[in-house]
Amino acid sequence: MSFTLRKACSDDKKRIEELFIAMLESIYTEAQSGYETGYLDKFFTGGDDWICAAECNDTIIGYIAIEVHNETEKFVYLDDISVSEAFRSKGVGSALIKKAESYAAEINAAYIALHVESSNTSALKLYERLGYSVRCNEENRFFMRHDICSSDHADLQTENIQ
């Protein structure tokens, strides 16, 4: 199976929203409403926050929302990651995460952080396999972190996605 990674644009919002709802419905039993109106706009302003989309046959099959935070130290927060059910366990999620790691290294972020629902065992296993560790158990979800060393990701760096 072949897919490409690209920077998402505002025209992709509808498909990203569909994948977000599908991800929520795979975790929770109650109906999900999706993102609040206007929430995704911050990823399309040309700033540090962006969405990387995985595409196969001109269809977005997954995405990862990447936020840059400049607090006591710069870090990247993976806001959301979703892969279409038909494309799970085929390397799409790993490729999206590795792209986020490459970006974090390029901007000299100290680490990548994320939250994962404790019931989402397949995602938890993926993150652990990729080197993320649980730093805090927050009742029904885990806070995970992966430290970034720029030299570790030199082989992942590709041209900047514009």
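Refer to the structure above for everything that follows.
Quick caveat, the model's predicted, so the values are computed rather than measured. (Residues numbered from 1 in each chain as written. Predicted model: local features only at pLDDT ≥ 70, side-chain atom pairs only at ≥ 80, totals over all residues. Heavy atoms only, no water.)

Visitor: Got a minute to help me understand the state of the cysteines in this structure?
Guide: A covalent bond between the sulfur atoms of two cysteines is what we call a disulfide. If you walk through the whole model with that rule in mind, you get 0 disulfides. Here Cys9 is not cross-linked by a disulfide; its sulfur's nearest cysteine counterpart is in Cys52, at 13 Å. Cys9 sits in the partly exposed class, given a relative accessible area of 33%. Considering cysteine sulfurs only, Cys52 is the nearest to Cys56, which forms no disulfide, with 15 Å between them. Under the relative-accessibility criterion, Cys56 is labelled buried at 11%. (Disulfide = S-S within 2.5 Å. Buried < 20%, exposed > 50% of the residue type's maximum accessible area, 1.4 Å probe, protein only.)

Visitor: Explain the packing of aromatic side chains to me, please; I cannot follow it from the model alone.
Guide: Both the distance between ring centres and the angle between the ring planes are used here to describe each pair of aromatic rings. The full count for this structure, using the stated rule, is 6 aromatic pairs. Residues Phe75 and Tyr111 carry aromatic rings whose centres are separated by 4.9 Å and whose planes lie at 5 degrees to one another, so their mutual orientation is stacked. Note that Phe75 is positioned in strand β4 (residues 74-83) and Tyr111 in strand β5 (residues 111-117), a separation of 36 residues in sequence. A residue is classified by how much of its surface remains accessible, and Phe75, at 9% relative accessible area, is buried. When its relative accessible area of 11% is taken as the criterion, Tyr111 is described as buried. An aromatic cluster is built from Phe20, Tyr35, Tyr39 and Phe43, whose rings are joined through pairwise contacts. Between the NZ or CZ atom of Arg145 and the centre of the ring of Tyr111, over which it lies, the distance is 3.6 Å. (Phe/Tyr/Trp six-rings, centres within 6.5 Å; stacked < 30°, edge-to-face > 60°. Helix = DSSP H or I, 4+ residues; strand = E, 2+ residues; numbered from the N terminus. Lys NZ or Arg CZ within 6 Å of the ring centre and 35° of its normal.)

Visitor: Sorry, what's going on with the nonpolar core here?
Guide: Across soluble globular proteins, you tend to see nonpolar side chains buried next to one another. Residues Ile64, Ile66, Leu78, Tyr127 and Tyr132 are the most contacted members of the largest nonpolar core, which totals 32 residues. At the level of secondary structure, the elements contributing two or more residues to this core comprise β2 (50-56), β3 (59-70), β4, α2 (92-106), β5, α3 (121-129) and β7 (141-147). In terms of residue count, the dominant contributor to this core is α2 (7 residues). Look past the residues within four positions of Ile66 in its chain and what remains in contact with it is Phe43, Asp48, Asp49, Trp50, Cys52, Val76, Tyr77, Leu78, Ala100 and Tyr103. In this structure, Ala8, Tyr35, Tyr63 and Ala65 belong to the second largest nonpolar core, which totals 15 residues. (Core = buried A, V, L, I, M, F, W, Y, C linked by side-chain atoms within 4.5 Å. Contact = heavy atoms within 4.5 Å.)

Visitor: How do you make sense of the environment of Glu55 when you look at a structure like this?
Guide: For Glu55, the location among the structural elements is in strand β2. Here Glu55 falls in the buried class, since its relative accessible area comes to 18%. Glu55 sits 30 residues away from Glu25 along the chain, and the two C-alpha atoms are 22 Å apart. In this structure, Glu55 is in contact with Phe3, Thr4, Arg6, Ile60 and Ile61, ignoring residues within four places of it in sequence. For Glu55, the side chain forms a polar contact with the side chain of Arg6, separated by 3.1 Å. (Polar contact = N/O pair within 3.5 Å; in protein donor to acceptor, adjacent residues only side chain to side chain.)

Visitor: Is there a simple way to think about the packing of α2 against α3 in this case?
Guide: Each pair of packed helices can be described by the angle between their axes along with the distance between the axes. With their axes 11 Å apart at the nearest point, α2 and α3 run at an angle of 50 degrees to one another. One finds that α2 runs oblique with respect to α3. Our pair here, α2 against α3, has a crossing hand that is right-handed. Residue-level inspection shows Gly93, Ser94 and Ile97 of α2 in contact with α3, the latter providing Leu126, Tyr127 and Arg129. Here the contact of α2 with α3 is composed, by residue class, of 3 nonpolar, 2 polar and 1 charged. (Axes fitted to C-alpha atoms, helices over the stretch in contact; angles between N-to-C directions. Parallel < 35°, antiparallel > 145°, perpendicular 65-115°, else oblique. Left-handed = near helix turned anticlockwise from the far one by under 90°. Nonpolar A, V, L, I, M, F, W, Y, C, P; charged D, E, K, R; others polar.)

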